[in-house]
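# Working through the structure, step by step
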Amino acid sequence: MMLSIRLVPFIFLATGVAAQPPRQLTVEDYARAERMLAPNTFQLVTGTVAQVGWLPDGRLWYRVSTAGGSAYQTYHPTRRGRAPLFDPGRLAASASAAAGVSVEGNRLPPLEVSPDGRAVTFAVADRRLRCELGTAQCAVRQDPKVPENATVSPDGRWAVLVRDHDLWAVELATGRETQLTSDGVKDFGYATNNAGWTHDDSAVLTWSPDSRRLATFQHDGRGVSEMHLVATKPGAPTLESWKYPFPGDSLIFRISRVVVDLAAPGAPRVVRLAMPPDAHRSTVSDHVACEGGKVCDLQWYPDGSQLAFISSSRDHQRAWVRVANAETGAVRTLFEETSATQIGDASLPENLWRVLPASNELIWWSQRDNWVHLYLFDLATGALKNRITTGDGNVTEIVRVDEKARVIYFVANGRETGRDPYFSHFYRIRFDGRDLALLTPENASHSVSLSPDGKHFVDSYSTMNTPPVTVLRTIAGKLVDTLERADLTRLVAAGWKPPTPITMKGRDGTTDIYGLMYTPTRLDSTKKYPIIDYIYPGPQSGSVGPRRFIPTRGDHQALAELGFVVVQIDGMGTPGRSKAFHDTYYGRMGDNTIPDQVAGITELARRFRFIDLDKVGIWGHSGGGFATAAAMFRHPDFFKVGIAESGNHDNRSYEDDWGERYQGLLVRTGATDNYAAESNATHAANLKGKLYLVHGAMDDNVPATNTYQVADALIKAGKEFDLLILPHARHGFGADGAYMMRRRWDYFVRHLQGAEPPRDYQIGRSRPVP
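Predicted model only: the values in this text are computed from it and were never measured. (Residues numbered from 1 in each chain as written. Predicted model: local features only at pLDDT ≥ 70, side-chain atom pairs only at ≥ 80, totals over all residues. Heavy atoms only, no water.)

### Brief notes about the packing of aromatic side chains
Counted according to the given criterion, the structure contains 22 aromatic pairs. Centre to centre, the rings of Y422 and Y514 are 6.0 Å apart; their planes meet at 80°, and the pair counts as edge-to-face. Within this pair, whereas Y422 is found in the loop between β32 (407–413) and β33 (424–430), its partner Y514 is found in strand β40 (residues 512–518), the two being separated by 92 residues in sequence. Y422 gets classed as buried once you look at its relative accessible area, which sits at 10%. Relative accessible area serves as the criterion here: at 15%, Y514 is assigned to the buried category. When the ring of Y692 is compared with that of Y747, the centres are 4.6 Å apart and the planes differ by 25°; the resulting orientation is stacked. Placement of Y692 in strand β47 (residues 690–696) and of Y747 in helix α13 (residues 737–751) is noted, with a sequence separation of 55 residues between them. For the pair Y692 and Y747, a shared accessibility class is recorded, and that class is buried. (Phe/Tyr/Trp six-rings, centres within 6.5 Å; stacked < 30°, edge-to-face > 60°. Helix = DSSP H or I, 4+ residues; strand = E, 2+ residues; numbered from the N terminus. Buried < 20%, exposed > 50% of the residue type's maximum accessible area, 1.4 Å probe, protein only.)

Have a look at this one:
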């Protein structure tokens, strides 16, 4: 009887607590959050320089944001005079008449200045206009029609495209067509743009500077695995199929390198390089197509007689620097680079090396001493002549090479002690490694644009929480003038506040890791707020992104406005630091920097009492989706709510180059392999919290089968979870992106905050804040 007496009040109290309705968030709450998204914040910043160019008379021109849109300015480095590039009112009136639609002078699209500096061109309503700067007279430009997916030669004469697996050239002035190759067949065609995870009908090729030759390859997909997607629609579904290799496949894409000589006597000639096919690999991407559809890791000699290129092994642990004779196809290997993990990275730029035939030298990059440094090699023998850069820090870009003065101008990060190691600075150094000079001294991240004559450069510098200042400097780094200072007055008046840069210790308790923290603009430091960790583990990038000023990063501040603390933390295993830091979890991709996320958030909770360490959420997309589910499974007592979008949850079910670069080649041992322990499905039974799995059914990058495997494992383990499949969405969700953003807000509000969101709020369509 005493037992029953004690039970009654207990049951009554529990029922009373459960009966209390959750706090209701309103449409106004969501609208206030939406106000922090990019479409509403970027337009409130003025004085930001977005485009820089140089005129033949030495003046620079640039586009700068204004309260009404943008303006184009010029500045003379020696006379120090600023003037409009054109009269926006006159030009807009003439452009409107020429295009037949209204054109606003302060809202012109990005434009191009003609080589002679006398005219500008830009697109309006599917028309391309040319406007004379002197008279502000505009006319529709009658350019030759460039075929779809074609690549135009440097002299503008030819456009080359793929047709029925072969290459064809179109003479733009006449429309005359010339077949360049004739033996291309299905799955063994020329210049094919297919890496599995990305594919289209454009041609992958690099023109020689004289437009006489082009370097490309015959892309061998014979025997390679296939990917299949089924598109839903009324009636019979549509099947999409294409070649898509996976880790461990006996056959992956191979490329047989060729040079096509368009100016050969009689007819175009195909020169095959005298070497076996290369694996479909590069040092700078998980593709062999780089910016502009050019072949990665390839440079022509200035006279077009030879080309230098890099061949990479399938596992990315070996790379060979080679030179080929464009006339004969003869190939010689200069030297080999090796690594116990992987050479290069998908985060590295394409221009970190230079072939210098005039001095018979090669500027080469290497991480052989734990940092990205520059080295000088003999182009004839392949022998190392000398090291150029030394010390801590990574060279991230070669901006200019002055061969006559034997000076290199380059960008690097991590060289300046006491500063954020991700900040970019501009430097000068001699070929022999002497006379290193810092040209951008401010404690910020710098972006530079050099004048063609090499006498000046424009420097825009900012931090993640301070707006950009744009200045003009001499090539020696001396300040000439301040061009623009970004103004945040209107942005701040709208309620915006910057994120807080944060520094923590990583998993080892000694290594500094860096990030950003977002808090509600109406933060009450006496209260407790759930914390949400936005994660992208790389390994080719990190969670934070660029270290320059950006008014809005994703929806992080918007989420914070709903009553959360949001963080981005670059854990150990992401790029931008030392090679050892980057290789932290090589061969253990399931790590996903999660130990650093846990260490960092725990430290922040000690430092900031308003963080509720009992309510930790996490979300990410793509690799971040993989990391989110891994966090929920591997640290189930720490992370309570997770949203895993488009995750590559099992790298055996993702494209070959990604896993084989960062996990290593797949090695089978009996019924298992070295990828199995890194798969999220392997650990799904550990789930304790609330997990939301989301994927686009038409994701042709990371196929939805990755998420299906995790869902299947959770079902077999008897776990509760939520699943959303977006029927028509590709990898980035496209038109469904705003819907998924709102669903993400709803999920965290409901399950991490214990509140109730407004029903069916539509971002971009619902009633704004008055």
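### Description of the pattern of salt bridges
Overall, the coordinates contain 54 salt bridges when judged by the stated rule. Note that R257 is salt-bridged to D278, the shortest N-O span being 2.7 Å. Taken together, the residues R257 in strand β20 (residues 254–261) and D278 in strand β22 (residues 278–279) connect sequence positions 21 residues apart. For the pair R257 and D278, a shared accessibility class is recorded, and that class is buried. Between E645 and R744 there is a salt bridge, with its nearest N and O atoms 2.6 Å apart. With a gap of 99 residues between them, E645 in strand β44 (residues 641–645) and R744 in helix α13 connect regions that are remote in the sequence. Across this residue pair, the class does not change: E645 and R744 are buried. Overlapping salt bridges, with partners in common, bring together R212, R213, D261, R269 and E327 in one network. (Salt bridge = Lys/Arg side-chain N within 4 Å of Asp/Glu carboxyl O.)

### Here's the deal with the side chain of H373
Mapped onto the fold, H373 is located in strand β29 (residues 373–378). Among the polar contacts made by the side chain of H373, one reaches the main-chain carbonyl oxygen of G391 at a distance of 2.6 Å. Those residues in contact with H373 that lie beyond four places of it in its chain are W364, W365, S366, R387, T389, T390, G391, G393, V395 and R415. (Polar contact = N/O pair within 3.5 Å; in protein donor to acceptor, adjacent residues only side chain to side chain. Contact = heavy atoms within 4.5 Å.)

### Regarding the side chain of Q299
Within the secondary structure, Q299 is located in strand β23 (residues 298–300). Separated by 2.7 Å, the side chain of Q299 and the backbone oxygen of W353 make a polar contact. Not counting chain neighbours up to four residues away, the residues in contact with Q299 comprise L307, A308, W353, R354 and V355.

### Considerations on the state of the cysteines
Tallying each qualifying case throughout the model produces two disulfides. At a sulfur-sulfur separation of 2.1 Å, the disulfide partner of C131 is C138. In this structure the cystine formed by C131 and C138 twists about its S-S bond by roughly 110°; its chirality is therefore right-handed. Like C138, C131 is buried. In the protein, numbering the disulfide-bonded cysteines from first to last in sequence yields the connectivity 1-2, 3-4. (Disulfide = S-S within 2.5 Å.)

### Focus on the pairing of strand β25 (residues 318–325)
Most of β25 sits inside the fold, with six of its eight residues counted as buried. For strand β24 (residues 306–312) and β25, the ladder comprises seven bridges, and the chain directions are antiparallel. Across the sheet, the residue bridging to L307 is A324, located in β25. Counting the residues between successive antiparallel strands, the hairpin from β24 to β25 contains five residues, one of them, H316, with a positive phi of roughly 65°. (Pairing = 2+ DSSP bridges.)

### Topic: the confidence of the model for the protein
Chain-level pLDDT for the protein is 95 on average; 97% of the residues reach the 70-or-more range. Low pLDDT, under 50, characterises residues 1–17; the predicted model gives this stretch zero contacts beyond four residues in sequence or across chains. (pLDDT = per-residue confidence, 0-100.)

### As for helix α12 (residues 705–716)
The end-to-end C-alpha distance of α12, which contains twelve residues, comes to 16 Å, matching closely the 16 Å that a straight helix rising 1.5 Å per residue would cover. Within α12 the residues assigned to the buried category are N706, T707, V710, A711, A713 and L714. All buried residues of α12 lie within an arc of 160° about the axis, which places them on one face of the element. Structural note: α12 exposes I715 and K716 on the side pointing more than 90 degrees away from its buried face. On its buried face, α12 is in contact with α9 (623–634), α11 (680–683), β47 and β48 (722–726). Phi turns positive one or two residues past the end of α12, at G718, with a value near 70°. (Expected span 1.5 Å × (residues − 1). Arc of directions from axis to C-beta.)

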